[in-house]
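# Structural characterization, general
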Amino acid sequence: MTVPQVSSRALVEGPVYVPGLPREYVAAKYGIPLDDIAKLGSAENPHGPSPKAVEALAKMDPKLDIYPDWTARPLREAIAKRYGFDPDCVVCGSGETEVISLVIRAFCGVGESILMHDPCFPIYRIFSTVEGRVPMLVRMGEDFDPVVDAYVARLAEKPRIAFITSPHNPTGRLLDETEVRRICDAADRETLVVLDEAYIHYSETDGMMHLLREYDNLIVLRTFSKAYGLAGLRVGFGIAANPDLIRPLRNIKPTWNMGHLQMAGGAAAVFDDEHVNRAVATVVASKAMVEAAMAKMNAFRMVPGCRSNFFLTEILDPDLDSTAVFNGLLERGVIVKDGTDIEGLGPRYLRVDLNLQKHMERFLGALRDIEMSKVA
Ligand SMILES: Cc1ncc(COP(=O)(O)O)c(C=O)c1O
(Lines give C-alpha, C1' and ligand atoms only; values in the text may rest on other atoms or scores of the structure.)
Protein backbone atom coordinates (compact mmCIF):
# COMPACT_ATOMS: atom_id res chain seq x y z
CA MET A 1 0.00 0.00 0.00
CA THR A 2 1.36 3.42 -0.92
CA VAL A 3 1.18 6.11 1.75
CA PRO A 4 2.34 9.73 1.80
CA GLN A 5 6.05 9.87 2.60
CA VAL A 6 7.50 12.13 5.25
CA SER A 7 10.05 14.71 4.13
CA SER A 8 12.81 13.12 6.19
CA ARG A 9 13.27 9.58 7.59
CA ALA A 10 14.44 11.15 10.84
CA LEU A 11 10.84 12.25 11.44
CA VAL A 12 9.92 8.58 11.76
CA GLU A 13 13.12 7.00 13.05
CA GLY A 14 14.62 9.87 15.04
CA PRO A 15 14.77 10.21 18.83
CA VAL A 16 11.74 11.31 20.86
CA TYR A 17 11.63 13.09 24.21
CA VAL A 18 11.04 10.94 27.30
CA PRO A 19 9.13 13.08 29.83
CA GLY A 20 9.03 12.43 33.59
CA LEU A 21 6.28 9.96 34.57
CA PRO A 22 2.97 11.24 36.00
CA ARG A 23 1.86 10.37 39.55
CA GLU A 24 -1.24 8.59 38.20
CA TYR A 25 0.93 5.97 36.43
CA VAL A 26 2.77 5.02 39.62
CA ALA A 27 -0.42 5.06 41.71
CA ALA A 28 -2.15 2.67 39.30
CA LYS A 29 0.85 0.37 38.87
CA TYR A 30 1.96 0.06 42.50
CA GLY A 31 -1.23 0.94 44.41
CA ILE A 32 0.40 3.89 46.19
CA PRO A 33 -1.91 6.81 47.18
CA LEU A 34 -1.40 9.75 44.81
CA ASP A 35 -0.55 12.18 47.61
CA ASP A 36 2.22 9.95 48.93
CA ILE A 37 4.10 9.80 45.65
CA ALA A 38 7.25 11.91 45.39
CA LYS A 39 7.24 13.29 41.83
CA LEU A 40 10.86 14.25 41.26
CA GLY A 41 11.27 13.83 37.50
CA SER A 42 9.76 16.95 35.90
CA ALA A 43 11.34 19.87 37.84
CA GLU A 44 7.93 21.31 38.72
CA ASN A 45 7.31 23.92 41.42
CA PRO A 46 7.08 22.45 44.97
CA HIS A 47 4.30 24.94 45.84
CA GLY A 48 2.18 24.65 42.70
CA PRO A 49 1.13 27.49 40.42
CA SER A 50 1.75 31.20 41.00
CA PRO A 51 -1.21 32.50 43.08
CA LYS A 52 -1.12 35.75 41.07
CA ALA A 53 -1.62 33.74 37.87
CA VAL A 54 -4.42 31.67 39.41
CA GLU A 55 -6.19 34.85 40.55
CA ALA A 56 -5.82 36.51 37.15
CA LEU A 57 -7.26 33.45 35.41
CA ALA A 58 -10.19 33.27 37.82
CA LYS A 59 -11.05 36.95 37.35
CA MET A 60 -10.59 37.31 33.59
CA ASP A 61 -13.16 37.13 30.84
CA PRO A 62 -11.54 34.27 28.86
CA LYS A 63 -13.13 35.42 25.55
CA LEU A 64 -13.21 31.84 24.38
CA ASP A 65 -14.94 32.76 21.10
CA ILE A 66 -12.55 35.58 20.18
CA TYR A 67 -9.13 35.19 18.55
CA PRO A 68 -6.26 36.39 20.71
CA ASP A 69 -3.71 38.92 19.47
CA TRP A 70 -1.53 36.71 17.25
CA THR A 71 1.71 38.26 18.54
CA ALA A 72 0.69 37.76 22.20
CA ARG A 73 0.99 41.53 22.69
CA PRO A 74 -0.39 41.74 26.28
CA LEU A 75 2.09 39.12 27.45
CA ARG A 76 4.97 40.62 25.49
CA GLU A 77 4.21 44.00 27.08
CA ALA A 78 4.24 42.53 30.59
CA ILE A 79 7.53 40.68 30.00
CA ALA A 80 9.10 43.74 28.37
CA LYS A 81 8.06 45.93 31.32
CA ARG A 82 9.42 43.43 33.84
CA TYR A 83 12.85 43.27 32.21
CA GLY A 84 13.14 46.78 30.72
CA PHE A 85 13.03 45.99 27.00
CA ASP A 86 10.75 46.99 24.14
CA PRO A 87 7.81 44.60 23.48
CA ASP A 88 9.20 44.10 19.95
CA CYS A 89 12.20 42.43 21.60
CA VAL A 90 10.05 39.55 22.94
CA VAL A 91 8.56 36.49 21.26
CA CYS A 92 6.25 34.13 23.17
CA GLY A 93 5.75 30.42 22.72
CA SER A 94 3.60 27.58 23.93
CA GLY A 95 6.29 26.75 26.45
CA GLU A 96 9.94 27.58 25.91
CA THR A 97 10.07 24.33 23.94
CA GLU A 98 8.16 26.00 21.11
CA VAL A 99 10.58 28.93 21.07
CA ILE A 100 13.50 26.47 20.81
CA SER A 101 11.90 24.86 17.75
CA LEU A 102 11.34 28.28 16.14
CA VAL A 103 14.95 29.31 16.76
CA ILE A 104 16.28 26.15 15.11
CA ARG A 105 14.06 26.55 12.03
CA ALA A 106 14.63 30.25 11.63
CA PHE A 107 18.39 30.46 12.17
CA CYS A 108 19.81 27.15 10.93
CA GLY A 109 19.28 25.61 7.50
CA VAL A 110 18.99 21.90 6.77
CA GLY A 111 22.47 20.33 6.87
CA GLU A 112 23.93 23.20 8.92
CA SER A 113 25.27 22.78 12.43
CA ILE A 114 24.16 23.60 15.96
CA LEU A 115 26.60 23.60 18.88
CA MET A 116 25.49 22.18 22.26
CA HIS A 117 26.85 20.39 25.29
CA ASP A 118 26.73 16.62 25.68
CA PRO A 119 24.63 15.90 27.66
CA CYS A 120 22.13 18.74 27.22
CA PHE A 121 18.38 19.39 27.40
CA PRO A 122 17.37 16.58 24.97
CA ILE A 123 15.02 18.84 22.99
CA TYR A 124 17.95 20.77 21.37
CA ARG A 125 19.35 17.56 19.97
CA ILE A 126 16.02 15.95 19.09
CA PHE A 127 14.61 18.96 17.19
CA SER A 128 17.95 19.48 15.41
CA THR A 129 18.16 15.84 14.33
CA VAL A 130 14.58 15.29 13.21
CA GLU A 131 14.64 18.47 11.15
CA GLY A 132 17.88 17.61 9.38
CA ARG A 133 20.15 20.01 11.25
CA VAL A 134 23.48 18.67 12.54
CA PRO A 135 24.21 18.72 16.30
CA MET A 136 27.86 19.52 17.15
CA LEU A 137 28.53 18.13 20.61
CA VAL A 138 30.96 19.33 23.27
CA ARG A 139 31.42 16.59 25.85
CA MET A 140 31.22 17.91 29.43
CA GLY A 141 34.21 17.30 31.71
CA GLU A 142 34.70 15.79 35.15
CA ASP A 143 31.52 16.00 37.23
CA PHE A 144 29.99 17.71 34.19
CA ASP A 145 32.26 20.72 34.09
CA PRO A 146 31.07 22.78 31.08
CA VAL A 147 34.69 22.92 29.72
CA VAL A 148 34.28 26.40 28.29
CA ASP A 149 37.71 26.19 26.56
CA ALA A 150 36.53 23.23 24.49
CA TYR A 151 33.18 24.90 23.77
CA VAL A 152 34.89 28.11 22.64
CA ALA A 153 37.26 26.12 20.41
CA ARG A 154 34.31 24.59 18.53
CA LEU A 155 32.83 28.05 17.92
CA ALA A 156 35.67 28.58 15.43
CA GLU A 157 33.79 26.17 13.14
CA LYS A 158 31.03 28.80 12.91
CA PRO A 159 27.93 26.82 13.83
CA ARG A 160 24.73 28.66 12.91
CA ILE A 161 23.45 28.37 16.49
CA ALA A 162 25.25 27.81 19.81
CA PHE A 163 23.03 26.65 22.67
CA ILE A 164 24.18 27.22 26.24
CA THR A 165 22.06 26.40 29.28
CA SER A 166 22.54 28.06 32.65
CA PRO A 167 21.75 26.44 34.98
CA HIS A 168 22.37 23.47 32.75
CA ASN A 169 19.92 20.60 32.41
CA PRO A 170 20.52 17.80 33.45
CA THR A 171 23.54 18.77 35.61
CA GLY A 172 22.47 22.05 37.25
CA ARG A 173 25.83 23.70 36.45
CA LEU A 174 25.75 27.51 36.29
CA LEU A 175 27.91 29.52 33.87
CA ASP A 176 29.30 32.71 35.40
CA GLU A 177 29.32 36.03 33.59
CA THR A 178 32.95 35.68 32.52
CA GLU A 179 32.17 32.34 30.90
CA VAL A 180 29.09 33.60 29.08
CA ARG A 181 31.04 36.64 27.88
CA ARG A 182 33.87 34.40 26.62
CA ILE A 183 31.37 32.42 24.57
CA CYS A 184 29.67 35.55 23.18
CA ASP A 185 33.04 37.14 22.37
CA ALA A 186 34.29 34.01 20.61
CA ALA A 187 31.12 33.43 18.57
CA ASP A 188 31.22 34.53 14.97
CA ARG A 189 28.97 37.55 14.21
CA GLU A 190 26.77 35.16 12.22
CA THR A 191 26.40 32.59 15.00
CA LEU A 192 23.27 33.02 17.11
CA VAL A 193 24.10 32.43 20.78
CA VAL A 194 21.03 31.06 22.59
CA LEU A 195 21.26 31.25 26.37
CA ASP A 196 18.58 29.06 27.95
CA GLU A 197 17.80 30.32 31.46
CA ALA A 198 14.80 28.08 32.18
CA TYR A 199 16.04 27.46 35.76
CA ILE A 200 17.74 30.78 36.46
CA HIS A 201 15.68 31.67 39.56
CA TYR A 202 16.97 28.63 41.40
CA SER A 203 20.58 29.80 40.95
CA GLU A 204 19.74 32.84 43.13
CA THR A 205 21.24 35.10 40.50
CA ASP A 206 19.50 37.52 38.11
CA GLY A 207 20.90 35.79 35.05
CA MET A 208 22.48 37.40 32.03
CA MET A 209 19.74 39.41 30.32
CA HIS A 210 21.85 42.54 30.81
CA LEU A 211 24.35 41.11 28.28
CA LEU A 212 21.67 41.37 25.58
CA ARG A 213 22.46 45.10 25.31
CA GLU A 214 26.09 44.31 24.48
CA TYR A 215 25.72 41.36 22.09
CA ASP A 216 23.36 41.68 19.16
CA ASN A 217 23.70 37.98 18.28
CA LEU A 218 22.46 36.85 21.72
CA ILE A 219 18.95 35.71 22.67
CA VAL A 220 17.85 34.60 26.15
CA LEU A 221 15.09 32.01 26.57
CA ARG A 222 12.97 31.59 29.69
CA THR A 223 9.92 29.62 30.79
CA PHE A 224 6.98 29.98 33.17
CA SER A 225 6.98 26.20 33.74
CA LYS A 226 9.56 26.11 36.55
CA ALA A 227 9.79 28.80 39.26
CA TYR A 228 6.35 30.24 38.37
CA GLY A 229 4.73 26.79 38.54
CA LEU A 230 2.85 27.05 35.24
CA ALA A 231 4.07 23.95 33.38
CA GLY A 232 0.47 23.03 32.52
CA LEU A 233 -0.34 26.44 31.03
CA ARG A 234 2.48 26.30 28.43
CA VAL A 235 4.16 29.70 28.39
CA GLY A 236 7.74 30.55 27.48
CA PHE A 237 9.55 33.38 25.72
CA GLY A 238 12.65 34.56 23.94
CA ILE A 239 14.10 38.03 24.48
CA ALA A 240 16.84 39.92 22.61
CA ALA A 241 17.90 43.55 22.47
CA ASN A 242 18.11 43.17 18.71
CA PRO A 243 14.54 42.97 17.30
CA ASP A 244 15.96 41.51 14.06
CA LEU A 245 16.47 38.28 16.01
CA ILE A 246 12.85 38.29 17.20
CA ARG A 247 10.97 39.25 14.03
CA PRO A 248 11.73 36.04 12.09
CA LEU A 249 10.64 33.94 15.07
CA ARG A 250 7.34 35.80 15.22
CA ASN A 251 6.88 35.35 11.49
CA ILE A 252 7.38 31.56 11.44
CA LYS A 253 5.49 30.68 14.62
CA PRO A 254 2.06 29.03 14.27
CA THR A 255 0.02 32.21 13.97
CA TRP A 256 -2.18 32.12 17.11
CA ASN A 257 0.17 30.04 19.26
CA MET A 258 -0.82 31.76 22.51
CA GLY A 259 -4.39 31.82 23.83
CA HIS A 260 -5.97 34.43 26.13
CA LEU A 261 -5.48 32.19 29.18
CA GLN A 262 -1.77 31.65 28.54
CA MET A 263 -1.24 35.39 28.12
CA ALA A 264 -3.16 36.39 31.25
CA GLY A 265 -1.47 33.74 33.40
CA GLY A 266 2.02 34.62 32.19
CA ALA A 267 1.43 38.39 32.46
CA ALA A 268 0.40 38.04 36.12
CA ALA A 269 3.06 35.48 37.07
CA VAL A 270 5.98 37.50 35.73
CA PHE A 271 5.47 39.91 38.66
CA ASP A 272 4.97 37.17 41.28
CA ASP A 273 8.34 37.42 43.03
CA GLU A 274 6.82 36.18 46.28
CA HIS A 275 5.94 32.81 44.77
CA VAL A 276 9.32 32.48 43.07
CA ASN A 277 11.15 33.30 46.32
CA ARG A 278 9.11 30.73 48.22
CA ALA A 279 9.98 28.00 45.73
CA VAL A 280 13.66 28.97 45.75
CA ALA A 281 13.79 28.90 49.58
CA THR A 282 12.24 25.41 49.65
CA VAL A 283 14.64 24.10 47.02
CA VAL A 284 17.71 25.57 48.74
CA ALA A 285 16.70 24.10 52.13
CA SER A 286 15.96 20.69 50.59
CA LYS A 287 19.29 20.69 48.82
CA ALA A 288 21.21 21.21 52.06
CA MET A 289 19.23 18.42 53.71
CA VAL A 290 19.73 15.95 50.84
CA GLU A 291 23.41 16.82 50.44
CA ALA A 292 24.08 16.05 54.12
CA ALA A 293 22.13 12.79 53.97
CA MET A 294 23.74 11.57 50.75
CA ALA A 295 27.23 12.28 52.06
CA LYS A 296 26.64 9.34 54.42
CA MET A 297 25.71 6.87 51.66
CA ASN A 298 28.08 4.41 50.04
CA ALA A 299 26.21 3.31 46.92
CA PHE A 300 25.17 6.80 45.78
CA ARG A 301 26.64 10.29 45.54
CA MET A 302 25.25 13.76 44.85
CA VAL A 303 27.27 15.17 41.94
CA PRO A 304 28.61 18.52 43.19
CA GLY A 305 28.09 21.91 41.55
CA CYS A 306 24.33 21.94 41.01
CA ARG A 307 22.62 25.38 41.11
CA SER A 308 19.15 24.34 40.01
CA ASN A 309 16.02 22.67 41.40
CA PHE A 310 17.39 19.22 40.56
CA PHE A 311 20.71 17.41 40.97
CA LEU A 312 22.42 14.35 39.58
CA THR A 313 22.73 11.24 41.68
CA GLU A 314 25.71 9.13 40.67
CA ILE A 315 25.39 5.38 41.24
CA LEU A 316 28.68 4.26 42.75
CA ASP A 317 27.77 0.62 43.36
CA PRO A 318 28.95 -1.29 40.27
CA ASP A 319 26.19 -3.88 40.70
CA LEU A 320 23.47 -1.26 40.24
CA ASP A 321 22.59 0.81 37.19
CA SER A 322 20.23 3.74 36.66
CA THR A 323 17.34 1.68 35.31
CA ALA A 324 17.48 -0.76 38.24
CA VAL A 325 17.52 2.14 40.73
CA PHE A 326 14.85 4.06 38.76
CA ASN A 327 12.53 1.03 38.92
CA GLY A 328 13.38 0.40 42.59
CA LEU A 329 12.46 4.00 43.38
CA LEU A 330 9.21 3.76 41.40
CA GLU A 331 8.12 0.72 43.40
CA ARG A 332 8.72 2.82 46.51
CA GLY A 333 6.61 5.71 45.22
CA VAL A 334 9.43 7.94 43.96
CA ILE A 335 9.59 9.21 40.36
CA VAL A 336 12.96 10.46 39.07
CA LYS A 337 14.61 10.65 35.62
CA ASP A 338 16.62 7.64 34.42
CA GLY A 339 19.97 8.73 32.97
CA THR A 340 19.57 6.29 30.08
CA ASP A 341 16.63 8.41 28.85
CA ILE A 342 18.87 11.47 28.54
CA GLU A 343 21.33 11.09 25.65
CA GLY A 344 24.89 11.61 26.80
CA LEU A 345 24.08 11.06 30.49
CA GLY A 346 23.79 7.30 30.64
CA PRO A 347 23.34 4.44 33.11
CA ARG A 348 25.41 5.70 36.06
CA TYR A 349 23.15 8.71 36.78
CA LEU A 350 19.66 9.75 37.81
CA ARG A 351 18.30 13.30 37.66
CA VAL A 352 16.35 14.05 40.83
CA ASP A 353 14.27 17.18 41.61
CA LEU A 354 14.58 19.16 44.82
CA ASN A 355 11.09 19.51 46.23
CA LEU A 356 9.25 19.55 49.58
CA GLN A 357 11.17 18.03 52.48
CA LYS A 358 8.65 15.18 52.85
CA HIS A 359 9.25 14.12 49.23
CA MET A 360 13.03 14.31 49.66
CA GLU A 361 12.76 12.17 52.79
CA ARG A 362 10.83 9.58 50.83
CA PHE A 363 13.55 9.63 48.14
CA LEU A 364 16.34 9.26 50.69
CA GLY A 365 14.50 6.46 52.51
CA ALA A 366 13.95 4.61 49.24
CA LEU A 367 17.63 4.96 48.26
CA ARG A 368 18.72 3.58 51.66
CA ASP A 369 16.26 0.74 51.24
CA ILE A 370 17.68 -0.13 47.80
CA GLU A 371 21.21 0.02 49.19
CA MET A 372 20.21 -2.29 52.08
CA SER A 373 18.19 -4.76 50.02
CA LYS A 374 21.20 -5.24 47.78
CA VAL A 375 23.38 -6.04 50.76
CA ALA A 376 20.79 -8.39 52.34
C1 LIG B 1 16.72 23.64 29.89
C2 LIG B 1 15.27 23.67 29.54
N3 LIG B 1 14.85 24.57 28.65
C4 LIG B 1 13.56 24.65 28.30
C5 LIG B 1 12.62 23.80 28.85
C6 LIG B 1 11.22 23.89 28.33
O7 LIG B 1 10.26 24.24 29.19
P8 LIG B 1 8.78 24.53 28.73
O9 LIG B 1 8.58 24.08 27.32
O10 LIG B 1 7.92 23.78 29.68
O11 LIG B 1 8.63 26.00 28.85
C12 LIG B 1 13.01 22.84 29.78
C13 LIG B 1 12.03 21.91 30.35
O14 LIG B 1 12.30 20.93 30.96
C15 LIG B 1 14.38 22.77 30.12
O16 LIG B 1 14.83 21.84 30.97
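Just so you know, these numbers come straight off a predicted model, no measurement behind them. (Residues numbered from 1 in each chain as written. Predicted model: local features only at pLDDT ≥ 70, side-chain atom pairs only at ≥ 80, totals over all residues. Heavy atoms only, no water.)

## Overview of the site of the ligand
Among the 13 residues in the neighbourhood of the ligand, the closest are listed as Glu96, Thr97, Tyr199, Thr223 and Ser225. One of the side-chain N or O atoms of tyrosine 199 is found 2.6 Å from an oxygen atom in the ligand. Between the ligand and threonine 223 there is a distance of 2.5 Å, counted from an oxygen atom to a side-chain nitrogen or oxygen. Compared with its free state, where it exposes 390 Å², the ligand has 93% of that area covered by protein. Residue composition of the shell around the ligand, by class: three nonpolar, six polar and four charged. (Near = heavy atom within 4 Å. Polar contact = N/O pair within 3.5 Å; in protein donor to acceptor, adjacent residues only side chain to side chain. Areas by Shrake-Rupley, 256 points an atom, 1.4 Å probe, with all protein chains shown as cover. Nonpolar A, V, L, I, M, F, W, Y, C, P; charged D, E, K, R; others polar.)

## Describing the sheet that holds strand S12 (residues 337–338)
One open sheet holds the four strands; their spatial order is S9-S10-S13-S12, and the pairing between them is antiparallel. With partners counted over all chains shown, the strands left at the sheet margins are strand S9 (300–302) and S12, one partner each. Of the strand pairs in this sheet, S12 and strand S13 (residues 349–353) are connected by two bridges, and their pairing is antiparallel. Looking at the pairing, lysine 337 lines up with arginine 351 of S13. (Pairing = 2+ DSSP bridges. Helix = DSSP H or I, 4+ residues; strand = E, 2+ residues; numbered from the N terminus.)

## Brief notes about the pairing of S13
Taken across its five residues, S13 has five buried, putting it largely inside the fold. Alternating positions in S13 separate into two faces, Tyr349, Arg351 and Asp353 on one and Leu350 and Val352 on the other, with burial throughout. Note that strand S10 (residues 310–315) and S13 share five bridges and pair antiparallel. Residue pairing in the sheet places threonine 313 in a bridge with leucine 350 of S13. (Buried < 20%, exposed > 50% of the residue type's maximum accessible area, 1.4 Å probe, protein only.)

## Section: a nonpolar patch on the surface
Taken together, Val6, Leu11 and Val12 make up a surface patch of nonpolar side chains, about 250 Å² in accessible area. Tracing the backbone shows leucine 11 in helix H1 (residues 10–13). (Patch = residues over 30% accessible without salt bridge, like charges linked within 9 Å, V, L, I, M, F, W, Y side chains within 5 Å. Salt bridge = Lys/Arg side-chain N within 4 Å of Asp/Glu carboxyl O.)

## Focus on the sheet that holds strand S5 (residues 161–165)
Spatially, S2-S8-S7-S6-S5-S3-S4 is the arrangement adopted by the seven strands of the open sheet, whose pairing is mixed. Only two strands of the sheet have a single neighbouring strand rather than two, namely strand S2 (90–93) and strand S4 (134–139). For this sheet, the mean angle separating the axes of adjacent strands, direction not counted, is 25°. Here six bridges tie strand S3 (residues 113–118) to S4, and the two strands are oriented parallel to one another. Paired with serine 113 across the bridge in S4 is valine 134. Packing against the sheet, helix H6 (residues 122–130) makes contact with S3, S4, S5 and strand S6 (192–196), and its axis sits at approximately 150° to S3. (Axes fitted to C-alpha atoms, helices over the stretch in contact; angles between N-to-C directions. Contact = heavy atoms within 4.5 Å.)

## Overview of the packing of helix H5 (residues 96–107) against helix H9 (residues 243–252)
As a packed pair, H5 and H9 sit with axes 9 Å apart at the nearest point and diverge in direction by 105°. When the axes of H5 and H9 are compared, the pair comes out roughly perpendicular. For the pair formed by H5 and H9, the contact residues are Leu102, Val103, Arg105, Ala106 and Phe107 on the first element and Leu245, Pro248, Leu249 and Ile252 on the second. Of the residues in the contact of H5 with H9, the class split is eight nonpolar, no polar and one charged. (Parallel < 35°, antiparallel > 145°, perpendicular 65-115°, else oblique.)

## A look at the pattern of salt bridges
All told, the structure shown has 24 salt bridges when counted by the stated rule. For arginine 9, the salt bridge goes to glutamate 13, with nearest N and O atoms at 3.2 Å. Looking at arginine 9, the relative accessible area reads 45%, which means it is partly exposed. Between arginine 250 and aspartate 88 there is a salt bridge; the shortest N-O distance is 3.9 Å.

## Focus on the domain arrangement of the protein chain
We note that the domain assignment places domain 1 (10–48 + 274–375) and domain 2 (52–271) within the protein chain. With 33 residues of domain 1 at the contact, the number on the domain 2 side is 31 residues. Counting the surface lost from both domain 1 and domain 2, the interface buries some 2700 Å², and carbon and sulfur atoms represent 62% of this. When the buried area of domain 1 at its contact with domain 2 is split by residue, Tyr17, Val276 and Arg307 rank highest and sum to 22% of it. Across the contact surface, domain 1 and domain 2 share two salt bridges. Between aspartate 143 and arginine 301 there is a salt bridge, and its shortest N-O distance comes to 2.4 Å. Counting across the domain 1 and domain 2 interface gives seven residue pairs in polar contact (both at pLDDT 80 or more). (Domains from an automatic or database assignment. Buried area = accessible area lost by both parts, 1.4 Å probe.)

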